[in-house]
Amino acid sequence: MKIRKFLALVMALMLAASLAACGGGGAPAPAPATNDGEEAAETSDASSGGGSSGASLQVAIWDNNQLAGLKEIADEWSAQSGVPVVINVITWDSYWTLLSSGAQGGTMPDVFWMHSNTAQMYMENDLLLNLDNYIANDADIDMANYYPGIVELYNSNGTQYAIPKDHDTIALLYNQAIFDKYGVDTPTDDWSWDNVYEAAKAITEAGAADGVYGYAMNTSNNQDGWYNFIYDYGAQLITDDHKGTTIGSDEGKAGMEMVRKILTVAAPQPVVAETGTDSLFQSNLCAMITQGSWMINSFYTAEGHDDYKWALLPYGDANGNGECDPGERQSCYNGLGWAAAANTQYPDEAYSLISYFCNEAGQVKQAELGVTMAGMPGISDAFNNAFPGMDVSAFNRIEDEGTLYFRPYTRNTTVWEDKIQQDAFLAAWLNPADESVMAGACDAAQAIIDTAIAAE
Amino acid sequence: MTKKMTAAEKNAAIWAWAFITPTMLGLIILNFYPIFNTVWQSLCKTGDFGRGNIFVGLANYSAVLQAPETWQSLWNTIKYALIEVPFGVVIALVLAVFLNKKLPGTSVYRTIFFLPMVCAPAAVAMVWRWLYNQQFGLLNNLFHVKVGWINDPKIAWISIGIIGVWSIIGYNMVLFISGLQEIPHDYYEAADIDGATGIRQFFYITIPLLSPTTFFIVQTRLIGALTVFDLMFMVMDKTNQALKQVQSVVYLFYQYAFTNGNRGYGATLVMVLLVFILIITVIMQKAEKKLVFYN
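Note that this is a predicted model, so its numbers are computed, not measured.

(A) Main features of the overall build of chain A. On a plain count of helices and strands, chain A comes out with 20 helices and 16 strands. Expressed as a percentage of the 456 residues in chain A, the buried residues total 50%. Expressed as a percentage of contacts within chain A between residues at least 6 apart in sequence, the contacts between residues at least 24 apart total 75%.

Shown next, in the form of structure tokens:
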């Protein structure tokens with residue numbers, strides 16, 4: 001009966017542990033202890049002896065690819081300031097659940113990332129530390145040096161609540177081996193979406209027996225996918241004043257018509273919904289996708305990365321003259337911001353860390369380490385060399401050879417963002433052969449966005 | 001009652017309170033307060049982060065009750081329950097009867113069937129998601145078919161239900177085994193002497209005497225099935241074309257309350273679900289008096 005007693009004891013302990021995990025209320029550390037079991041935490045060991053002030057900072061991010069590089073920068077800061085930093089990586093969905101619960105309960109992390117989907121809400125509710133005085137007294141930070149779209153995003157009523165951390169752009173990713181196998185010319189900087197269509201068609205037809213597709217794009221590939229088509233052809237998903245959309249216009253429909261054309265020779269929607277475009281590509285079953293610079297590391301470290309090449313994002317030949325005119329090559333760009341909680345115990349230390357991440361030296365270092373490109377223009381060249389053996393200059397070159405537009409957002413982006421993917425465009429993706437379905441989807445998207453903005 | 005308590009009674013009362021208080025505190029803080037807060041939120045246009053709620057009366061209710069997706073998701077939830085509960089109960093009962101016999105290796109099988117219960121639901125869902133994958137999944141490749149298990153709106157709800165049954169069988173089985181062991185052996189001996197076959201014994205002894213356990217399982221699993229969320233959330237991509245025919249009420253609640261940040265609408269959805277579950281429970285309680293045999 002000894003075993004039974006032992007088992008009972010183990011069960012009791014497990015029960016106690018799970019209860020303790022649920023009820024961990026009064027503890028001061030707002031670390032996300034039990035969310036999905038999907039987090040990783042890294043404690044900076046630079047000053048494990050403990051800072052003189054007894055302060056320590058909890059940092060929350062959602063991208064595991066950036067952890068190592070950011071930790072290195074944070075460790076440098078810890079070595080100078082004597083304040084230990086704990087960086088917690090939480091998956092995207094859990095991140096926002098955690099942050100909004102923390103905002104409600106008053107236990108947010110000290111320093112964390114802000115994103116265009118939600119920044120407005122957090123700023124308007126005074127949940128973020130007002131950085132104006134800190135910036136004014138900090139010789140290292142000048143807001144004029146950063147991308148204006150990102151600065152504006154994290155500014156509410158003249159107050160700056162976050163400092164741009166980075167910027168990202170989009171490029172075309174292709175698999176050299178697949179192009180070679182089917183004897184199709186590989187993408188160049190001069191490619192338009194029509195060239196993409198031709199190549200995708202050739203590969204999908206030739207590769208049908210092997211289950212290889214020329215292209216893959218899901219309705220959820222918006223910022224890195226079909227958004228760019230709309231802007232290439234002269235429409236805007238969200239207008240500059242964030243109060244409307246022109247997706248239902250003729251230009252918008254022309255852009256989505258190009259998308260539709262490519263979809264007729266791309267992987268069918270049920271396939272990309274179940275398997276995912278990235279998995280298809282990394283399984284060598286898809287020749288081309290578009291992806292954002294934040295995803296480089298995941299392809300760089302993938303098994304077949306020797307065959308993966310990045311090309312300049314193709315342009316949309318809106319006027320049909322066969323060359324890329326100004327405004328025809330558009331890449332979405334977005335930037336995260338480093339923000340601090342308004343009620344953090346250590347506002348000075350928190351700002352000091354933010355400043356260390358965001359000043360020019362920190363930004364250059366971030367690019368060198370291959371974490372991301374910088375939040376200020378012109379200093380990201382080091383990023384090109386951060387991935388030995390893989391040419392990622394396409395992400396920087398688009399700044400000279402194309403136009404960057406800021407990621408479309410309104411006050412409550414998620415309300416219409418999910419809805420146009422699920423309710424408007426899904427039908428067109430499922431039935432790309434029919435032009436009228438895509439045109440109707442554009443009208444439906446127009447109505448969804450208009451309604452959502454009216455309710456904001 | 002003005003009679004004074006004796007010292008012993010007083011002592012007993014103090015201890016009683018001491019033992020009850022932790023549970024009561026837990027219930028009040030973790031159950032009752034959220035329930036009333038949810039009711040309150042369902043009557044509000046909620047502000048961000050729980051601040052600035054504006055009372056709007058029944059506006060949320062009229063919006064929720066008029067939305068076709070509410071009724072569709074309620075129907076989806078019922079369909080899921082209609083698979084998970086009957087199959088989960090029947091299969092578990094059959095397994096329990098076999099594993100209750102004194103045969104070699106029963107404890108091994110008991111463990112095997114109980115294993116799904118100790119796996120994290122999210123991990124279970126991820127594995128099934130790949131088993132079901134239309135192009136590369138094990139199921140389709142094993143049987144050389146091209147079935148869209150989770151993206152064909154006609155069958156996706158069944159596929160999800162199968163995962164639910166698979167996950168719950170072990171738990172139901174353990175409850176059944178404990179119920180079986182409470183049935184006195186005399187009945188079976190008597191039946192043997194009278195020449196009743198195993199099948200007849202099962203239907204005339206086991207099932208009636210097991211009915212309290214069966215009822216308990218059906219009742220708790222029904223409530224569990226009506227609040228299903230994680231299976232749909234983990235198995236189906238949000239761009240899956242079958243999602244609208246599969247998403248449960250709680251999934252819809254999650255979408256509104258957490259993704260869209262509309263807590264008031266979300267709260268109203270769960271209130272509708274709560275009322276529905278209450279009705280089902282009342283019906284179950286009435287049925288209990290007729291169908292359940294307490295010896």
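(B) Spotlight on the overall build of chain B. Helices and strands together make up the secondary structure of chain B, namely 13 helices and two strands. For chain B, the C-alpha radius of gyration of 24 Å lies well beyond 19 Å, the compact-globule estimate for 295 residues. A principal-axis box enclosing the C-alpha atoms of chain B has dimensions of 80 × 75 × 35 Å. Looking at the 295 residues of chain B, the share that counts as buried comes to 31%. Considering only residue pairs separated by 6 or more positions, chain B has 72% of its internal contacts joining residues 24 or more positions apart.

(C) Local environment of the domain arrangement of chain A. All names here are of chain A. Under the domain assignment, chain A is made up of domain 1 (34-168 + 334-377) and domain 2 (170-333 + 400-454). Put simply, the middle of domain 1 and the middle of domain 2, counted by C-alpha atoms, are 31 Å apart. With 13 residues of domain 1 at the contact, the number on the domain 2 side is 14 residues. Residue composition of the side of domain 1 that touches domain 2, by class: one nonpolar, ten polar and two charged.

(D) Seen up close, helix α1 (residues 7-42) of chain B. All names here are of chain B. The terminal C-alpha atoms of α1 lie 49 Å apart, and with 36 residues this matches the ideal 52 Å at 1.5 Å per residue to within 8%. Most pronounced at Ile28, the bend in α1 amounts to some 40°. α1 sits mainly on the outside: two of its 36 residues count as buried.

(E) View of the nonpolar core. In terms of nonpolar packing, the biggest core is built from 139 residues, with Ala171(A), Tyr215(A), Ala216(A) and Ile262(A) touching the most fellow members. Each of domain 1 (34-168 + 334-377) and domain 2 (170-333 + 400-454) of chain A gives at least three residues to this core. Non-local contacts of Ala171(A), meaning those with residues more than four positions away in its chain, are made with Gln291(A), Trp310(A), Ala311(A), Leu312(A), Leu313(A), Ala394(A), Phe395(A) and Ile398(A). Counting 53 residues, the second largest nonpolar core, distinct from the first, contains Ile160(B), Ile168(B), Val228(B) and Met271(B).

(F) Region of interest: the confidence of the model for chain B. Residue and element names in this part refer to chain B. In the predicted model, chain B carries a mean pLDDT of 91, and 99% of its residues have values of at least 70. Here helix α4 (residues 106-118) is the element of chain B with the lowest mean pLDDT, 87, and helix α3 (residues 68-99) is the one with the highest, 95. Predicted complex metrics record ipTM = 0.81 and pTM = 0.83.

(G) Up close: the confidence of the model for chain A. Residues and elements named next belong to chain A. Residues with a pLDDT of 70 or more make up 88% of chain A, whose mean pLDDT is 88. Segment residues 13-40 is flagged for pLDDT under 50; beyond a separation of four residues in sequence, or across chains, it makes 30 contacts in the model. Low pLDDT, under 50, characterises residues 42-52; the predicted model gives this stretch 22 contacts beyond four residues in sequence or across chains.

(H) A look at the sheet that holds strand β9 (residues 170-175) of chain A. Residues and elements named next belong to chain A. Read across the open sheet, the four strands follow the order β10-β11-β9-β12; overall the sheet is mixed. Each having just a single partner strand, β10 (213-215) and β12 (308-311) make up the two edges of the open sheet. Between one strand axis and the next, the sheet turns through 30° on average, direction left out of account. Note: β9 against strand β11 (residues 286-292), five bridges, orientation antiparallel. In the sheet register, Leu172 faces β11, and the bridge partner there is Thr290. Across the face of the sheet, helix α8 (residues 193-206) comes into contact with β10 and β11 while running at roughly 170° to β10.

(I) A look at the pairing of strand β13 (residues 330-333) of chain A. Residue and element names in this part refer to chain A. In β13, alternate side chains face the same way, and those of Gln330 and Cys332 on one face and Ser331 and Tyr333 on the other are all buried. Both β13 and strand β16 (residues 403-406) contribute to a ladder of four bridges, which runs parallel. Bridge pairing links Cys332 to Tyr405 in β16.

(J) Summary view of the pairing of strand β4 (residues 111-114) of chain A. Residue and element names in this part refer to chain A. For strand β2 (residues 57-61) and β4, the ladder comprises two bridges, and the chain directions are parallel. Following the sheet pairing, Ala60 is matched in β4 by Phe112. Here β4 runs beside strand β14 (residues 337-340); their pairing, made up of four bridges, is antiparallel. Counted as the bridge partner of Phe112 is Ala339 from β14.

(K) Structural detail: the interface of chain A and chain B. Residue-level contacts link 26 residues of chain A with 22 residues of chain B. Element by element, the count of residues in the side of chain A that touches chain B is highest for helix α11 (residues 269-275) of chain A, at six residues. For the side of chain A that touches chain B, the class distribution of residues is nine nonpolar, 14 polar and three charged.

(L) Representation of the environment of Tyr300(A). Residue and element names in this part refer to chain A. Turning to its location among the elements, Tyr300 is positioned in helix α13 (residues 296-300). Residue Tyr300 is classed as partly exposed on the basis of its C-beta count, with 17 C-beta atoms lying within 10 Å. Residues Tyr300 and Pro388, spaced 88 residues apart in sequence, show a C-alpha to C-alpha distance of 9.4 Å. Not counting chain neighbours up to four residues away, the residues in contact with Tyr300 comprise His305, Phe387 and Met390.

(M) Broad picture of the packing of helix α5 (residues 121-132) of chain B against helix α7 (residues 156-181) of chain B. Residue and element names in this part refer to chain B. Packing of α5 against α7 leaves a shortest axis separation of 11 Å and a crossing angle of 135°. In terms of orientation, α5 and α7 fall into the oblique class. By crossing handedness, the relation of α5 to α7 is classed as right-handed. Taken together, the residues of α7 that come into contact with α5 (itself represented by Pro121, Val124, Ala125, Trp128 and Tyr132) are Ser159, Ile163 and Ser167. Its residues assigned to classes, the contact of α5 with α7 comprises six nonpolar, two polar and no charged.

(N) Quick look at the environment of Ser331(A). Residue and element names in this part refer to chain A. With respect to the helices and strands, Ser331 occurs in strand β13. On the basis of neighbour count, Ser331 is assigned to the buried category, with 28 C-beta atoms found within 10 Å. Those residues within four positions of Ser331 in sequence are excluded, and the remaining contacts are Thr169, Ile170, Asn228, Leu313, Ile398, Gly402 and Leu404.

(O) Fine view of the packing of α8(A) against helix α10 (residues 250-263) of chain A. Residues and elements named next belong to chain A. Two elements in contact, α8 and α10, have axes separated by 9 Å at closest approach and are oriented at 15°. As summarised for this structure, α8 and α10 are arranged roughly parallel, according to the angle between their axes. Our pair here, α8 against α10, has a crossing hand that is left-handed. Contacts between α8 and α10 involve Trp193, Val196, Tyr197 and Ala200 on the former and, on the latter, Met258, Lys261 and Ile262.

(P) Molecular detail of the environment of Met236(B). Residues and elements named next belong to chain B. Checked against the element boundaries, Met236 lands in the loop between α10 (230-235) and α11 (243-246). Residue class for Met236 comes out buried when judged on the 25 C-beta atoms lying within 10 Å of it. Along the primary structure Met236 and Leu139 are separated by 97 residues, whereas in three dimensions their C-alpha atoms are 17 Å apart. Discounting residues that sit within four places of it in the chain, Met236 has contacts with Ile150, Leu243 and Val246.

Definitions and cut-offs
- Residues numbered from 1 in each chain as written.
- Chains lettered and ligands numbered in written order.
- Predicted model: local features only at pLDDT ≥ 70, side-chain atom pairs only at ≥ 80, totals over all residues.
- Helix = DSSP H or I, 4+ residues; strand = E, 2+ residues; numbered from the N terminus.
- Buried ≥ 20, exposed ≤ 12 C-beta atoms within 10 Å, placed from the backbone.
- Contact = placed C-beta atoms within 7 Å.
- Rg over C-alpha atoms; globule rule 2.2 N^0.38 Å.
- Domains from an automatic or database assignment.
- Nonpolar A, V, L, I, M, F, W, Y, C, P; charged D, E, K, R; others polar.
- Expected span 1.5 Å × (residues − 1).
- Bend = angle between axes of the 7 residues up to and from the residue.
- Core = buried A, V, L, I, M, F, W, Y, C linked by C-beta atoms within 7 Å.
- pLDDT = per-residue confidence, 0-100.
- Pairing = 2+ DSSP bridges.
- Axes fitted to C-alpha atoms, helices over the stretch in contact; angles between N-to-C directions.
- Parallel < 35°, antiparallel > 145°, perpendicular 65-115°, else oblique.
- Left-handed = near helix turned anticlockwise from the far one by under 90°.

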